[in-house]
Amino acid sequence: MRIPQTAHTSRPWRIHEIAHDFRLEDVWALPTPGGPGDFSRLIRQIATLDESTLRSPAARALFAIRHQVGTLLGWDNRDSGIGTRVPTLRDRLPADLSDAPTGPRFENLSFTPVYLTDHEWVGELANQTVHAVLHLSWVPDGAGGHRGQMAVLVKPNGLFGTIYMAAIAPFRHLVVYPELMRSIGQRWCDDPARPDQT
């Protein structure tokens, strides 16, 4: 479920000091009810997400179209990514985060891990359209439990990136993110917590 941006901005996340020049695009409550120790379970599941397994044909088609167009127009070439077109956010990390583990690598998504804390996991990607940050966190749900929360922060690449982000917004909000939420929720139900995670 999409939630107000204050659900992200009101919390003392470390990402605020690191990506202060990025725009907060979306905040979503993840359908992942759990206990205080379940954040590692969420990270493990998100790290292995695969867009090709989404049940929605429309969502799969949108991902396929984006990949094909990106390949055709060179949007995702190596020289447009992290460390080439833009420096990695790891260059901005304070010592305590720089020396800490980054968490698992994303197996199928294009994000590169930046840092991991007890309640935050951050990944980044860059191409010719945008430099984007995926922020995953573990928050109290207001009913005695906890749940995951996902925020997306972006820095569009000039006017082209701004127009691109505006053009894809309806598809993200109406097709892609709802299907991702359904998939995340289904995986959460299908992969119950191990005894050491309760």
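Our subject is the structure listed above.
Residues numbered from 1 in each chain as written. Predicted model: local features only at pLDDT ≥ 70, side-chain atom pairs only at ≥ 80, totals over all residues. Heavy atoms only, no water.

1. Re the environment of Y177
Inference 1: Along the chain, Y177 falls in helix α6 (residues 158–190).
Inference 2: Sequence separation between Y177 and L109 is 68 residues, and the spatial gap between their C-alpha atoms is 14 Å.
Inference 3: If near-sequence neighbours (up to four positions away) are discounted, Y177 is found in contact with D26, W28, M150, V152 and R172. (Helix = DSSP H or I, 4+ residues; strand = E, 2+ residues; numbered from the N terminus. Contact = heavy atoms within 4.5 Å.)

2. A look at the packing of helix α3 (residues 39–47) against α6
Inference 1: Contact geometry for α3 and α6: axes closest at 11 Å, N-to-C directions at 125 degrees. Judged by the angle between their axes, α3 and α6 are oblique. The chirality of how α3 crosses α6 is right-handed. Note on element contacts: α6 touches α3 through I184, R187 and W188, opposite R41, L42, Q45 and I46.
Inference 2: Partitioning the contact of α3 with α6 into residue classes produces 4 nonpolar, 1 polar and 2 charged. (Axes fitted to C-alpha atoms, helices over the stretch in contact; angles between N-to-C directions. Parallel < 35°, antiparallel > 145°, perpendicular 65-115°, else oblique. Left-handed = near helix turned anticlockwise from the far one by under 90°. Nonpolar A, V, L, I, M, F, W, Y, C, P; charged D, E, K, R; others polar.)

3. Structural notes on the sheet that holds strand β3 (residues 120–126)
Inference 1: Read across the sheet, 5 strands follow the order β1-β5-β4-β3-β2 without closing on themselves; strand pairing throughout is antiparallel. Each of the sheet's edge strands pairs with one partner strand only, and the pair in question is β1 (23–29) and β2 (112–116). Sheet twist, expressed as the mean angle between neighbouring strand axes with direction ignored, is 20 degrees.
Inference 2: By the bridge criterion, 11 bridges tie strand β4 (residues 130–140) to strand β5 (residues 146–156) in an arrangement that is antiparallel. Across the sheet, L136 pairs through a bridge with M150, a residue of β5.
Inference 3: Contacts from α3 reach β2, β3, β4 and β5, with the element oriented near 150 degrees to β4.
Inference 4: Sheet strands touched by α6: β1, β4 and β5. Its angle to β1, the strand with the most contacts, is close to 15 degrees. (Pairing = 2+ DSSP bridges.)

4. Overview of the environment of Q45
Inference 1: Relative to the helices and strands, Q45 is located in helix α3.
Inference 2: We classify Q45 as buried; its relative accessible area is 5%.
Inference 3: Separated by 29 residues in sequence, Q45 and G74 place their C-alpha atoms 30 Å apart.
Inference 4: What Q45 contacts, discounting residues up to four positions off in sequence, is I184, R187, W188 and D191. (Buried < 20%, exposed > 50% of the residue type's maximum accessible area, 1.4 Å probe, protein only.)

5. With respect to the nonpolar core
Inference 1: Among the nonpolar cores identified, the biggest contains 31 residues, and I46, W121 and M150 are the most heavily contacted of them.
Inference 2: Where this core is concerned, the elements lending two or more residues are α3, β3, β4, β5 and α6.
Inference 3: If you look at the next biggest cluster of nonpolar residues, it comprises 19 residues, including F22, L89, V122 and A151. (Core = buried A, V, L, I, M, F, W, Y, C linked by side-chain atoms within 4.5 Å.)

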